[in-house]
Protein chains: 2
Amino acid sequence: MKESALILANGLFDSVFAKTTHGLLRGPSRYEILGVVDPDYAGEDAGHILDGRNRGIPFYSSVSEALAHQTPTHCIIGVATVGGVLPDSLRVDLLTAASAGLQLVNGLHQLLSDDDELVSLAKGGIIDLRKPRPTSELQFWSGEILLVPAPRIAVLGMDCAIGKRTTAMILREGLREQGVRSEVIYTGQTGWLQGLKYGFVFDATLNDFVSGELERAIVECYREERPEVILLEGQSALRNPAGPAGPELICSARAAGVILQHAPARLHFEGFEDLDCRIPSLSEELELIRLLGSEVWGISLFTHGLDDAQSLQVATELETQHEIPVVRPLEEGGERLVHIIRQRLPS
Amino acid sequence: MKESALILANGLFDSVFAKTTHGLLRGPSRYEILGVVDPDYAGEDAGHILDGRNRGIPFYSSVSEALAHQTPTHCIIGVATVGGVLPDSLRVDLLTAASAGLQLVNGLHQLLSDDDELVSLAKGGIIDLRKPRPTSELQFWSGEILLVPAPRIAVLGMDCAIGKRTTAMILREGLREQGVRSEVIYTGQTGWLQGLKYGFVFDATLNDFVSGELERAIVECYREERPEVILLEGQSALRNPAGPAGPELICSARAAGVILQHAPARLHFEGFEDLDCRIPSLSEELELIRLLGSEVWGISLFTHGLDDAQSLQVATELETQHEIPVVRPLEEGGERLVHIIRQRLPS
């Protein structure tokens, strides 16, 4: 029997901070999702609010209310916060869930296993997805990746919370539907929650071992699954001041190509709208990726803030300007993306 | 009284793996250095072997021999290893030093405090410079750096072990000699060993907090010292496959300018000579740094493998080719470097 879960999105469902919740609703998910806690939408269907497609997963106003209707085995924190700190409001819900015997699943940096009250209450146990692994368990980059023949394709983005993981999952499904064996290497806690088998939590890894852990995940994945394509979930952005990332996927994992997520309506790096932190230009990003040693095969739009006509127009303009295919995977599905990848693969 | 130390460089003195030892001999050093253990050079003067300048610091064949002549308070591991693992040969010397009551100072990832035998013997204690700090003590990037008016200058490099820290220290001294208040932010354990006050160990920090810890160090440094120039010690290289680094110094610390260390005679990334891991081109690196948001003000040569005439010729050629000043700080001293910086500073 598949384990089941309640997701906490307390008051943040309609924001990029709930991207973990969104990903689990969209699926796949390691757990069967029985409900989402967010008082703003109590009584509504979570899928409907997400993208207009009912999924039979209700919103509840609190954990108590949810437990009156459902019997989940797990309680997942479905929101990310800047710096990964646990908000007080969430902690109250966690105490209720812990008391009810649910296993708590936490993707924040702040570890629930450091919280004595939660630990003593949580008879069901705690999974801290971002608990740092000790140095002795981490692997340094060795160059073994150079022997993996399956091409790696990195899904990078111009910012955080811009659809990188979602696009990687759409691509995997699309490739598989066409009979191309493909795997996604997760680099964030949500990927693990979605049931991905190979990967590591990039931002909770000691810096010196990020490249080695990425290499290890890819090498293991190739050895066990023999995929024809390996998709790499990117993190952050190459020039995000709060934590630039991406060169590891190009220089250490040797990504042959890049699918670049871009949000045309977003001007500032997520979470830093009040500062002088504008997202730099797309043209520069393409050149930066080229200099790092890879190539953008396709641009994938995160269309939040644009209506359908607007996003279609932007896609057309960008395609003309950069001479690179521009897709809108959530609107169009993954077919064109898959086509872009297949055109580039060795036959 | 200044504490004193013996450095272990066992058999690696004449390699880039002993760059910590070299830095401490060149100075400054948090501890007075009484001797260097390396049987290859027993009886010789360490400074003489380093750069032809006697410093009255002898080589010893073993810790036992050293302790027959000296009474240090500390024993420093003066070598780095790929992946930061402790070689067995070093462990024998550490056991002797621990038994003699010396405090052990370790910059390797492998923690001496995890070694039960060493812990029980080391009555003098253990300092593990790369012991990861827990998440709760780490700071996320906030943008506070934008309020620091002192310009940051990043000393980056085309590879590891190429003179970044040394050049930063030479620059600091040169600027201070001319009355310019300047500080170096350390990002590696050797910087701490050299007595630097502000910084953090970049590669032993959880990835998500690297930018925030860098910001914290700079903000603290500015608040307490009011420097006119803040030099940032770079780590690794922008495209080093074993662990690319550098965008943090440009995008998160907002380095106004870059001094770029280059080793003309080195073709492959250090430690990966047997793999297809050639150091990419200098022209690309200059463009990469520009796209990341900074500018190379000067190129600084690590001339290992070239004689004086050769390195001078290379410097002249590179200067003509790139239209950027090229200096050889170990040969010339820091004057020209200081001049380059001063020309660019707001008056």
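Our structure is the block above this text.
Attention in this report is confined to the structure presented alongside it. Since we're looking at a predicted model, the values are computed, not measured. (Residues numbered from 1 in each chain as written. Chains lettered and ligands numbered in written order. Predicted model: local features only at pLDDT ≥ 70, side-chain atom pairs only at ≥ 80, totals over all residues. Heavy atoms only, no water.)

## Remarks on empty space enclosed by the protein
- This model, assessed by the stated rule, comprises 6 cavities of 30 Å³ or more.
- By volume, the largest cavity is sized at about 60 Å³.
- In terms of lining, the largest cavity is formed by Thr20(A), Ile77(A), Val79(A), Ala80(A), Gly107(A), Leu108(A), Arg130(A), Gln189(A) and Leu193(A).
- A per-class count over the lining of the largest cavity returns 5 nonpolar, 3 polar and 1 charged.
- Taken as a whole, the second largest cavity holds about 40 Å³ of empty space.
- Considering the residues around the second largest cavity, the lining is formed by Leu238(A), Pro247(A), Leu288(A), Leu292(A), Leu238(B), Pro247(B), Leu288(B) and Leu292(B).
- For the lining of the second largest cavity, the per-class residue count stands at 8 nonpolar, no polar and no charged. (1 Å grid on protein atoms, 1.4 Å probe; cavity = no way out; pocket = protein on both sides within 12 Å on 5 of 7 lines; lining within 4 Å. Points joined across faces, edges and corners; volume = space filled by probe spheres on them. Nonpolar A, V, L, I, M, F, W, Y, C, P; charged D, E, K, R; others polar.)

## Observations regarding the environment of Gly199(A)
Residues and elements named next belong to chain A.
- The topology assignment puts Gly199 in the loop between helix H7 (189-193) and helix H8 (210-225).
- Expressed as a C-alpha distance, the spacing of Gly199 and Ala46, which sit 153 residues apart in the sequence, is 28 Å.
- Aside from chain neighbours lying at most four places away, what touches Gly199 is Ile185, Tyr186, Arg216 and Ala217. (Helix = DSSP H or I, 4+ residues; strand = E, 2+ residues; numbered from the N terminus. Contact = heavy atoms within 4.5 Å.)

## With respect to the interface of chain B and chain A
- At the interface, 42 residues of chain B touch 42 residues of chain A.
- Our count for the contact surface shared by chain B and chain A stands at 2 salt bridges.
- Note that Asp208(B) and Arg130(A) form a salt bridge whose closest N and O atoms lie 3.8 Å from each other.
- The interface formed by chain B and chain A holds 10 residue pairs in polar contact (both at pLDDT 80 or more) in total.
- Taken together, the elements giving at least two residues each to the side of chain B that touches chain A come down to helix H8 (210-225), helix H9 (247-252) and helix H10 (282-292) of chain B.
- The element contributing the most residues to the side of chain B that touches chain A is H10(B), with 5 residues.
- Across the side of chain B that touches chain A, the residue classes tally to 22 nonpolar, 11 polar and 9 charged. (Salt bridge = Lys/Arg side-chain N within 4 Å of Asp/Glu carboxyl O. Polar contact = N/O pair within 3.5 Å; in protein donor to acceptor, adjacent residues only side chain to side chain.)

## Section: the side chain of Gln189(A)
- Assignment of secondary structure puts Gln189(A) in helix H7.
- Setting aside chain neighbours within four positions, we find Gln189(A) in contact with Gly107(A), Leu129(A), Arg130(A) and Val201(A).

## Details of the sheet that holds strand E9 (residues 229-233) of chain A
Residues and elements named next belong to chain A.
- Taken in spatial order, the 6 strands make up an open sheet running E8-E9-E7-E10-E11-E12, and their pairing is parallel. Because the sheet does not close on itself, it has two edges, and the strands there are strand E8 (182-185) and strand E12 (326-327).
- Examined bridge by bridge, strand E11 (residues 296-301) and E12 share 2 bridges and lie parallel to one another. Each residue of the ladder has a partner; that of Ser300, found in E12, is Val327.
- The strands that H8 touches are strand E7 (152-157), E8 and E9; relative to E8, the one it contacts most, it runs at about 155°.
- Where helix H11 (residues 308-322) meets the sheet, it contacts strand E10 (257-262), E11 and E12, and its direction lies at approximately 160° from that of E11. (Pairing = 2+ DSSP bridges. Axes fitted to C-alpha atoms, helices over the stretch in contact; angles between N-to-C directions.)

## Description of the relation of the copies chain B and chain A
- With an RMSD of 0.0 Å, the operation that places chain B on chain A is a rotation of 180° combined with a shift of 0.0 Å along the axis. Accordingly, the operation relating the two chain copies is best matched by a two-fold axis. In terms of C-alpha distance to the rotation axis, chain B has Leu206(B) as its closest residue, with the C-alpha 2.1 Å off the axis.
- Of all interface residues in chain B, 100% are interface residues in chain A too; the two copies therefore contact each other through one and the same surface. (Least-squares fit on C-alpha atoms with pLDDT ≥ 70 in both.)

## Considering the side chain of Gln70(A)
All names here are of chain A.
- Inspection of the secondary structure puts Gln70 in the loop between helix H3 (63-69) and strand E4 (74-77).
- Side-chain polar atoms of Gln70 contact the side chain of Tyr60, separated by 3.0 Å.
- Each residue touching Gln70, except ones within four places of it in the same chain, is listed here: Leu34, Pro58 and Tyr60.

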